[in-house]
Amino acid sequence: MNENHGSSQQNRPQQTASSCSIFAVPTPIKQLFDRFPLLTHPVNELPQRAPRDRDAHVLYIFASDVGAFEGALSYNPACLKWQAYLKFSNIQFRLAAANNHASPSGVLPFLVPASPEPFKHTQPVPSGKLQRWVMNNTKKVIDEPGDMRYEAYLSLLDHRIRRAWLYCIYLSSNSTSIAEPLYILPASSNPFVRLSIARELRQAAEKELLKFSTVINAETIYNQAEEAFAALETLLGKDDWFFGASGPGLFDASVFAYTHLLLDDKLGKGWLDTRLRDALMSRKCLTSHRNRILSKYFPEQS
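As the structure is a computational prediction, the values presented were derived from the model and not from experiment.

1. Re the overall build of the chain
Counting its regular elements, the chain contains 12 helices and four strands. In the chain, buried positions account for 41% of the 302 residues. Relative to all contacts within the chain whose residues are 6 or more apart in sequence, the contacts with residues 24 or more apart total 72%. Total accessible area on the chain is roughly 18400 Å²; 53% of this is exposed by carbon and sulfur atoms.

Written as structure tokens, this is what we have:
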């Protein structure tokens, strides 16, 4: 009796270890999976809108989906500026339609560099770093002029002409014929959302203009823009490119971003307030400069 008791004690630890193993599968579960074995399904495909050709740089801009697919020029000056500069620099890239909410920095444009590996993450390049990125990724060196007047003339674009553009597109009658079909209607089909977006755009334009004056005066804004166009016309003169450069640079792209859009008859549903457009159309050197860039770098759009 004592022998039998001892024998059962010797066998018990072995049985317990086997039954309590973390790798043991309960018999009912094992029988279930024997009947219905696990299958490994193929990896899901990327969404239709996801970039598939990661061997190409992608510039995200304000554009329609169709326009981006066809390589159309952006209807936003900040985006068009860099679109032109990449062309000047012989950088091959694709376009993708986006909005500010999709941008890592909160503003467009931004560029996603090409990746040799399909799923390898590449750091987006915001617009503030695009010039440096281009200089490091192109064989064509664009020498920006060392002219001491460069910053002074650039301020005409960044301040006077930009302010006139903001007023012309978002606060004048062009808000219904240009801003609405380009920025508001494509964003949502909900009328309340559209009203909210329209209000936000208008308030943002007003806020920017009020940084420079306590009162928004359309006459003053347009007069200052006309003076800026006259100064740029004189600066360009009979040269093909600004500051007598042998080819177009970032300044040329900055000017083109406004002159092309102002001269574009197809922008939105058309120009209702033409005061800013009229101020440019009388400047033959600037209009020739725009046409020169259009025919040389965007022949399919000319």
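The discussion continues.
2. Some details on the side chain of Ser188
Of note, Ser188 is situated in the loop between α7 (174-184) and α8 (191-209). Exposure remark for Ser188: the relative accessible area of 16% places this residue in the buried category. One polar contact links the side chain of Ser188 to the main-chain amide nitrogen of Asn190, over a distance of 3.0 Å. Setting aside chain neighbours within four positions, we find Ser188 in contact with Val193 and Arg194.

3. Examining helix α9 (residues 218-236)
An α-helical segment advances 3.6 residues per turn. Residues three or four places apart therefore align on the same side. Between the first and last C-alpha of α9 there are 27 Å, a value that for 19 residues agrees with the 27 Å anticipated at 1.5 Å per step. Buried residues of α9: Ala218, Ile221, Tyr222, Ala225, Ala228, Phe229, Leu232, Glu233, Leu235 and Leu236, and no others. All buried residues of α9 project into a common sector of 160 degrees when viewed along the axis, lining one side. Tucked inside the fold, the buried residues of α9 contact α6 (150-171), α8, α10 (250-263), α11 (275-281) and α12 (284-297). Backbone nitrogen of Glu219 and a side-chain oxygen of the N-cap are separated by 3.0 Å at the start of α9; the cap is Asn217. Directly beyond the C-terminal end of α9, a positive phi value near 55 degrees is found at Gly237.

4. Considerations on the pattern of salt bridges
Tallied over the entire structure, the rule returns eight salt bridges. The closest approach of N and O atoms between Arg292 and Asp240, which form a salt bridge, is 3.6 Å. Within this pair, whereas Arg292 is found in helix α12, its partner Asp240 is found in the loop between α9 and α10, the two being separated by 52 residues in sequence. Given the relative accessible area of 23%, Arg292 is considered partly exposed. Overall, the relative accessible area of 41% leaves Asp240 in the partly exposed class.

Criteria and thresholds
- Residues numbered from 1 in each chain as written.
- Predicted model: local features only at pLDDT ≥ 70, side-chain atom pairs only at ≥ 80, totals over all residues.
- Heavy atoms only, no water.
- Helix = DSSP H or I, 4+ residues; strand = E, 2+ residues; numbered from the N terminus.
- Buried < 20%, exposed > 50% of the residue type's maximum accessible area, 1.4 Å probe, protein only.
- Contact = heavy atoms within 4.5 Å.
- Areas by Shrake-Rupley, 256 points an atom, 1.4 Å probe, with all protein chains shown as cover.
- Polar contact = N/O pair within 3.5 Å; in protein donor to acceptor, adjacent residues only side chain to side chain.
- Expected span 1.5 Å × (residues − 1).
- Arc of directions from axis to C-beta.
- Salt bridge = Lys/Arg side-chain N within 4 Å of Asp/Glu carboxyl O.

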